[in-house]
Amino acid sequence: MTTATVSPELLLTTNQMASFAARGFLRFDSLVPDDLNRRVMDTFDAGPVARPAAGLPLSEVYAPGSPLDDLMHLPEIQGIVQSLVGPDPLFDHHAVHIRQPNEGRAQGLHGDAIIDTRMHFDIQLMYFPHDTPLEMGGTLLLPGSQFRRINESDIARYQNFVGQIPMVCEAGTVLALHHGIWHCGRRNQTDRVRYMFKIRLNPKVRQHRLWNTGDLDDQMQADPVTNLEARNRTEENIYSILSRPEPWYEFPVGRLEIVNRVKFWRFLTGSNTFDLSYWLTRLENEPENLAPAA
């Protein structure tokens, strides 16, 4: 795989990045063409796929012209990757997840790392090369869980959350996940083998405004404290996206998650004053650090 400059129209939009910041994932249905899906499936059917060494640049991982190299070289995939972790990120690992027919055991809910307090983030791409109906037990994920710091399978005892999403999709669908999101594999209750290919990528650049930011400054013009202008907008915008709670959050809005979203958005944009409804600004009010009143 060679690296190339990604044209702006293939990069993520500001609203897509806001959705990633809020929910911890982006979904791209039927992104990979059918002919490439078939070539990848042939590769998986042929036997185990060798795992390259961790820490290599992604451009050096797969043989040119191989199905997995062609997959990662799709312009749309490159646009997603560059928008989230930058050009030619580091390869962490990959895995072909296989669910055998009528497999009776589901995977416990988990995160894919030890407790991780970084603001920088890895991404995991999950690729479904064939149609995955509900009964085939595709990946289940919990939107908005990426900032709940856990140690791997500490949450495995939990079974169901309001608002969880089971992956039901057509061939060629790709998920882009924040590495901290909670997820698991479900039981395959069909007579067919179920495949999912996962690859984790590490950034090697500061994750600052990597997407198509053509409209970002305009969207950030609302009052950073009260956001009155943003509240009056009818179209989808970063304020409405970042303020929207998940149904499993604590009543009424999941304040901790909103604060974490604000911190993350500040990290992504470089704005130290961005806020949603004063949530983080009030926590930053430390009068003892101010000069005494005259």
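Details of the structure are given in the entry above.
About the thresholds
Residues numbered from 1 in each chain as written. Predicted model: local features only at pLDDT ≥ 70, side-chain atom pairs only at ≥ 80, totals over all residues. Heavy atoms only, no water. Helix = DSSP H or I, 4+ residues; strand = E, 2+ residues; numbered from the N terminus. Rg over C-alpha atoms; globule rule 2.2 N^0.38 Å. Buried < 20%, exposed > 50% of the residue type's maximum accessible area, 1.4 Å probe, protein only. Salt bridge = Lys/Arg side-chain N within 4 Å of Asp/Glu carboxyl O. Pairing = 2+ DSSP bridges. Axes fitted to C-alpha atoms, helices over the stretch in contact; angles between N-to-C directions. Contact = heavy atoms within 4.5 Å. Expected span 1.5 Å × (residues − 1). Phe/Tyr/Trp six-rings, centres within 6.5 Å; stacked < 30°, edge-to-face > 60°. Lys NZ or Arg CZ within 6 Å of the ring centre and 35° of its normal.

*Asks:* What exactly am I supposed to notice about the overall build of the protein chain here?
*Replies:* Counting secondary structure elements, the protein chain contains nine helices and eight strands. Taking 294 residues into account, the globule formula puts the C-alpha radius of gyration at 19 Å, and the protein chain, at 20 Å, falls close to it. In terms of principal-axis extent, the alpha carbons of the protein chain reach across some 80 × 45 × 35 Å. Within the protein chain, buried positions represent 50% of all 294 residues.

*Asks:* What should I look at first to understand the pattern of salt bridges in this one?
*Replies:* Opposite charge on two side chains makes pairing possible when the charged atoms of those side chains draw close. On inspection of all chains with the given rule, the structure shows 15 salt bridges. For the salt bridge of Asp 29 with Arg 27, the shortest nitrogen-to-oxygen distance reads 3.0 Å. The class of Arg 27 is partly exposed, set by a relative accessible area of 31%. Two residues, Arg 244 and Glu 236, come together in a salt bridge whose shortest N-O distance is 3.0 Å. By sharing partners, the salt bridges in this structure join Asp 92, Asp 116, Arg 118, Asp 122 and Arg 200 into a single network.

*Asks:* Please clarify how the pairing of strand S7 (residues 182-185) should be interpreted in this entry.
*Replies:* Walk down a regular strand and you will see the side chains alternate between the two sheet faces. Residues Trp 182 and Cys 184 of S7 are buried on one face, and the alternating residues His 183 and Gly 185, pointing to the opposite face, are buried as well. The pairing of strand S4 (residues 139-142) with S7 spans four bridges and is classified as antiparallel. By the bridge assignment for S7, Leu 140 is matched with Cys 184.

*Asks:* Before we go on, may I ask you to explain the sheet that holds strand S6 (residues 173-178) in this structure?
*Replies:* Strand-to-strand pairing in sheets goes through backbone hydrogen bonds, with the strands running parallel or antiparallel. Strand order across the open sheet formed by five strands is S1-S6-S3-S8-S2, with antiparallel pairing between neighbours. Taken across any chain shown, the strands that pair with only one partner, and hence form the sheet edges, are strand S1 (25-28) and strand S2 (90-99). Ignoring which end each strand starts from, the neighbouring axes of this sheet average 15° apart. Bridge analysis of strand S3 (residues 123-128) against strand S8 (residues 194-202) gives five bridges, and the strand direction is antiparallel. Opposite Met 126, over in S8, you have Lys 198 as the bridge partner. On the sheet, helix H1 (residues 14-23) packs against S1, S3 and S6 and is oriented at approximately 125° with respect to S1. Contacts from helix H2 (residues 34-45) reach S2, S3 and S8 within the one sheet, and its direction differs from that of S8 by about 95°.

*Asks:* Is there a simple way to think about helix H8 (residues 255-269) in this case?
*Replies:* In an α-helix, one full turn covers 3.6 residues, which means residues spaced three or four apart are oriented alike. Here H8 spans 21 Å end to end across 15 residues, near enough to the 21 Å set by a 1.5 Å rise per residue. Extensive coverage of H8 is indicated by the burial of twelve of its 15 residues. Along H8, the residues classified as buried are Glu 257, Ile 258, Val 259, Asn 260, Arg 261, Val 262, Phe 264, Trp 265, Arg 266, Phe 267, Leu 268 and Thr 269. Of the residues trailing H8, Gly 270 is marked for its positive phi of about 80°.

*Asks:* I tried to follow the sheet that holds S4 on my own but got confused; where do I start?
*Replies:* Spatial ordering of the open sheet is given by S5-S4-S7, a layout of three strands whose pairing is antiparallel. Whereas interior strands pair on both sides, the edge strands pair on one side only; in this sheet they are strand S5 (165-166) and S7.

*Asks:* What is the right way to look at the packing of aromatic side chains in this model?
*Replies:* Aromatic ring pairs: the centre-centre distance and the angle between the two ring planes describe each pair. Summed over the entire model, instances satisfying the criterion amount to 15 aromatic pairs. On the basis of an interplanar angle of 70° and a centroid distance of 5.9 Å, the ring pair of Phe 161 and Trp 182 is categorised as edge-to-face. Pair noted here: Phe 161 is in the loop between S4 and S5 and Trp 182 is in strand S7, with a separation of 21 residues, a long-range link. The same class applies to Phe 161 as to Trp 182, namely buried. Within the aromatic cluster, the residues linked to one another by ring pairs are Phe 20, Phe 121, Phe 147, Phe 264 and Phe 267. Directly above the ring of Phe 267 sits Arg 206, whose terminal nitrogen or CZ lies 4.2 Å from the centroid.

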